[in-house]
Every structure is written in structure tokens, then in C-alpha cells.
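A structural walkthrough
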Amino acid sequence: MILDIKDLHHSFGEVNAINKLSFSLEQNSIVSILGPSGCGKTTLIRLIAGLEEVQRGEIFFEDKIVANVKFNTPPEERSISYVFQDFALFPHMTVRENISFAASTKKNKKQLIDQVIQLSKVETFLDKYPHTLSGGEQQRVALARSIAVQPKLLLLDEPFSDLDTNLKREIIDDTLHLINSLDSSAIVVTHNAEEAMFLSDLIAVMEKGRIVQIGKPHDIYFKPSNVYVASLFGEVNIFESIIINKKCDTPLGLLETNNFRDNQKVNVVVRPEAIKLNVEKSPVATPNSGVVVDSKFLGNNAIVHLTVIDSDNNKHHIHSKLIGEFLPSPASSVSFSLDLNHVFIFPR
Ligand code: ATP
């Protein structure tokens, strides 16, 4: 294991930023940490880096303890490097000097610097100062500087959040190749689930100072452990219901489940992509039918807004997402079927 965290707690006064948090990271893997604002992501990264002292719990690096309540190995002795959102480049040094400074204690310094410069694509602005660089260029320099120390673990705290979409894709792609070519492991904090899926072997989802689910992107997407995890990948339709005879009634029809006892209150999460639509010539009997309110073209998919009526005659506004250019006109009648791979039932 490159990193092993055991039962970590961390408070700022009354605020429990990290709460009974444990997780391990294998060598040469990339984990993304996803979670709402204030759930403790940066605090966790700072504890791993050694920038915060451990109040309770233990942190092991390559099976050796680096921090517990009694001692804290200083950041520079952890073979960890980090890139924070504000990049924190040395303003009085050129790009070349920023990178050289990071590599200054390394034996193969000249060769290492040349390699880092090439890998991180900063050749064209080596003699510039940070304040004269664009956000994307500063991002590349911050990455270059962080890998010039040849860390075993790279910590990236929302490094891509300020970049525009195209530049972001390019830099994320480059970062991924960079990490893979370095024989390093990485922890990447992000708010963006797609970014996390693209970058990482594992996704850890945090809520209120805890990791509520950790797994491969495929498992996090198809086997989410709660409503929050299920909603990470885009907006969802959520209905409250109750289990009766192993079924729950929703505006999209009766759903069967063996996982709950009778009378259990549940939340039903239906991703828009679960709802497959067919345009009908005339209105169809409920359930499994609705009326189109609007259709929006989003490029490679379309969102259709529908009104459906539940078994108590209440109206519900539903979103369906379809691949391609499917744009039924307002007031069209539609019938639908559900892809149950995108439907989840959680206790309430
Ligand atoms: P964001 O996504 O907004 O960056 P986060 O998940 O990184 O949030 P943290 O920055 O780790 O969250 O903060 C966790 C909690 O601890 C928050 O309630 C925050 O207000 C609090 N907190 C963080 N740092 C401090 C500090 N130095 N002093 C007091 N409270 C703090």
C-alpha cells in the first residue's frame, strides 16, 4: 500500500471536518475524491500532505507510520507533492527556475528537469514569470513543479476548476499520461464526476467528513450507495414512496424490489437516461405515458420535459434524456419504458 489511513478525525473548533475516515490506496493507482463543498476534501489532502497535525487516527505511507496524535512527519520528508487550486508558484522565479528549484536536491537534476519540461509541455514559456502566464499555463507549471520532486504520491486539490472546458480536457488528458508515466500514485480532489471517471481507477465519495462509498467508477455509477452518490453524475428524478408487498408506487409506475420490508419509506432515484420514450399518435392510458412539455437539444443527446400523472392523479414534472436528436414537440403524447440499470431505491 502506498497510503493507509486509519480512523482519522479532525475538528476545527465545533466543526468535525473529518469523521472516522479510513481508506487505503495501492501503489500506482489514481483515486478521485468527490463530495459536496465543505465535506472535508481539502482537510483530508492537507492531513495526508502533513500540512495539518493529526488529532486522532493514523496515517501510514508505504507501510510506515508518518503521522498520529504524537508526531507528524514534516511534509518535505513524505515523498508527497501537491498542487492546490491557486497553484502557489514562486512569483519571483521564472518557469524554469520554479521547476529547477523543485528538482534541486535530486542527483540527476539536469536530466530530470529536461524530462519534466518535455512531459508537461512548458517549453514555450520557460523564461516567463508566473504572473504573465494564462491559467492553463500556470496549471502546467504547477504540475511540472510537483513532479520534479519525483513524488511517490501526488495530491491534486481541484487543479482543473478554473480552466475552460477544452483546455481542461487537454490538461486532464496530459495529467493522466503524466501520472501513468511517472510510476506514481495520485489523489485528485474534484467536484466533477465525469472528470473523476476519466482520471481515476477508484472514486471515493465523501459526505460530512466520511467516505460513504469507494469503488471503481463503474460500481459507483451502477451501484450507488445512497441518493447523493446516485445524483453525482447529473440531475435525477427523485420520488418518495413506501414499500407494499415488495413493490413501490411511483409516477413512473410500480417498481418491484425484494430488498425492503413492508412499510419501509423509500426514495426512488430515476436517472433521466432510464426513461425511454416513444411518441404516440394519441394519448395512452396511464401509467407509463405522459405529455411532452418541452424538448431541448444538447448536442449528442436531448432532454425531454414531461408531465406524468401518478395513481393519485397528481401531476409530476419528469426529465428524460435520450441519445441523439429526439425532439418531440410540446403537447405530444408519449409512452415510456424504464431501463432499471438506472433506477435505484434507497431507504428514507
Ligand atoms: P470545498 O469543496 O468547498 O473546497 P472541502 O470539501 O474541501 O470544501 P474543507 O475545506 O476540508 O472542505 O472544510 C471542511 C470543513 O472544515 C468546512 O466546514 C470548513 O468550513 C471547515 N474548515 C476548513 N478549514 C478550516 C479552518 N482552517 N478553520 C476553521 N474551519 C475550517
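Rules and cut-offs
Residues numbered from 1 in each chain as written. Predicted model: local features only at pLDDT ≥ 70, side-chain atom pairs only at ≥ 80, totals over all residues. Heavy atoms only, no water. Helix = DSSP H or I, 4+ residues; strand = E, 2+ residues; numbered from the N terminus. Buried < 20%, exposed > 50% of the residue type's maximum accessible area, 1.4 Å probe, protein only. Contact = heavy atoms within 4.5 Å. Lys, Arg positive; Asp, Glu negative; His and termini not counted. Charge placed at Lys NZ, Arg CZ, Asp CG, Glu CD. Salt bridge = Lys/Arg side-chain N within 4 Å of Asp/Glu carboxyl O. Core = buried A, V, L, I, M, F, W, Y, C linked by side-chain atoms within 4.5 Å. Domains from an automatic or database assignment. Buried area = accessible area lost by both parts, 1.4 Å probe. Near = heavy atom within 4 Å. Polar contact = N/O pair within 3.5 Å; in protein donor to acceptor, adjacent residues only side chain to side chain. Areas by Shrake-Rupley, 256 points an atom, 1.4 Å probe, with all protein chains shown as cover. Phe/Tyr/Trp six-rings, centres within 6.5 Å; stacked < 30°, edge-to-face > 60°. Lys NZ or Arg CZ within 6 Å of the ring centre and 35° of its normal.

1. Topic: the overall build of the chain
Each helix and strand in the chain was counted, giving eight helices and 20 strands. Projecting the C-alpha coordinates of the chain onto the three principal axes gives extents of approximately 75 × 45 × 35 Å. Burial statistics for the chain: of 348 residues in total, 50% are counted as buried. Nonlocal contacts in the chain, meaning residues at least 24 apart in sequence, comprise 66% of its contacts between residues at least 6 apart. Considering the chain, the positive charge centre built from 35 side chains and the negative charge centre built from 42 side chains are found 3 Å apart.

2. Quick word on the pattern of salt bridges
The final tally for this structure, using the stated rule, is eight salt bridges. A salt bridge links glutamate 52 to arginine 46, with the nearest nitrogen and oxygen atoms 3.1 Å apart. Under the relative-accessibility criterion, glutamate 52 is labelled buried at 17%. In this structure, the salt-bridge partner of lysine 121 is aspartate 174, at a minimum N-O distance of 3.2 Å. Here lysine 121 is found in the loop between helix 3 (109-119) and helix 4 (135-147), whereas its partner aspartate 174 is found in helix 5 (residues 165-182), with 53 residues between them in sequence. Through salt bridges with shared partners, a single network forms among Lys121, Arg140 and Asp174.

3. A short note on the nonpolar core
Formed by 34 residues in total, the largest nonpolar core has its most connected members in Val95, Ile99, Val116, Val122, Val141 and Leu156. Elements that contribute at least two residues to this core include exactly helix 2 (95-102), helix 3, helix 4, strand 7 (153-157), helix 5 and strand 8 (185-190). Not counting residues within four places of it along the chain, the set of residues in contact with leucine 156 comprises Val83, Leu143, Thr175, Ile179, Ile187, Val188 and Val189. Counting 30 residues, the second-largest nonpolar core is a separate cluster that includes Ile5, Ile18, Ala49 and Phe84.

4. Observations regarding the domain arrangement of the chain
By domain assignment, the chain separates into domain 1 (3-231) and domain 2 (237-347). Computed over C-alpha atoms only, the centres of domain 1 and domain 2 are separated by 39 Å. With seven residues of domain 1 in contact, the opposing surface of domain 2 contributes nine residues. Contact between domain 1 and domain 2 buries roughly 700 Å² in total, counting both sides, with carbon and sulfur atoms accounting for 65%. Broken down residue by residue, the surface that domain 1 buries against domain 2 is led by Tyr221, Val227 and Ala230, which jointly contribute 63%.

5. Quick notes on the site of the ligand
In the vicinity of the ligand lie 13 residues, with Ser37, Gly38, Lys41, Thr42 and Thr43 positioned nearest. Here an oxygen atom of the ligand sits 3.1 Å away from a polar atom, N or O, in the main chain of cysteine 39. For the ligand, whose unbound accessible area comes to 630 Å², protein coverage reaches 58%. Mapped by element, the contributors of at least two residues to the shell around the ligand are strand 2 (15-25) and helix 1 (41-49). By residue number, the principal contributor to the shell around the ligand is helix 1, which donates three residues.

6. As for the environment of proline 224
Within the element layout of this structure, proline 224 appears in the loop between helix 7 (217-222) and helix 8 (227-230). The sequence separation of proline 224 and phenylalanine 346 amounts to 122 residues, and the corresponding C-alpha distance is 9.6 Å. With residues up to four places along the chain from it excluded, the contact list for proline 224 reads Gln213, Asp219, Val229, Ala230, Phe344 and Phe346.

7. Brief notes about the packing of aromatic side chains
With the rule as written, the count across this model stands at four aromatic pairs. Between tyrosine 221 and phenylalanine 222, the aromatic rings sit 4.9 Å apart at their centres with planes inclined by 85°, giving edge-to-face as the arrangement. A ring pair is formed by phenylalanine 344 and phenylalanine 346, whose centres lie 6.4 Å apart and whose planes are at 20°; its orientation type is stacked. Taken together, the aromatic side chains of Tyr221, Phe222 and Phe233 make up a single cluster linked through ring pairs. Taking the ring centre of phenylalanine 60 as reference, the NZ or CZ of lysine 6 above it sits at 4.6 Å.

8. Re unusual backbone geometry
In this structure, lysine 20 is a non-glycine residue whose phi angle is positive, near 50°. Examined against the element boundaries, lysine 20 turns out to sit in strand 2. Classification of lysine 20 by relative accessible area gives exposed; the value is 51%. Phi at glutamine 150 takes a positive value of approximately 50°, unusual for a residue other than glycine. Mapped onto the fold, glutamine 150 is located in the loop between helix 4 and strand 7.

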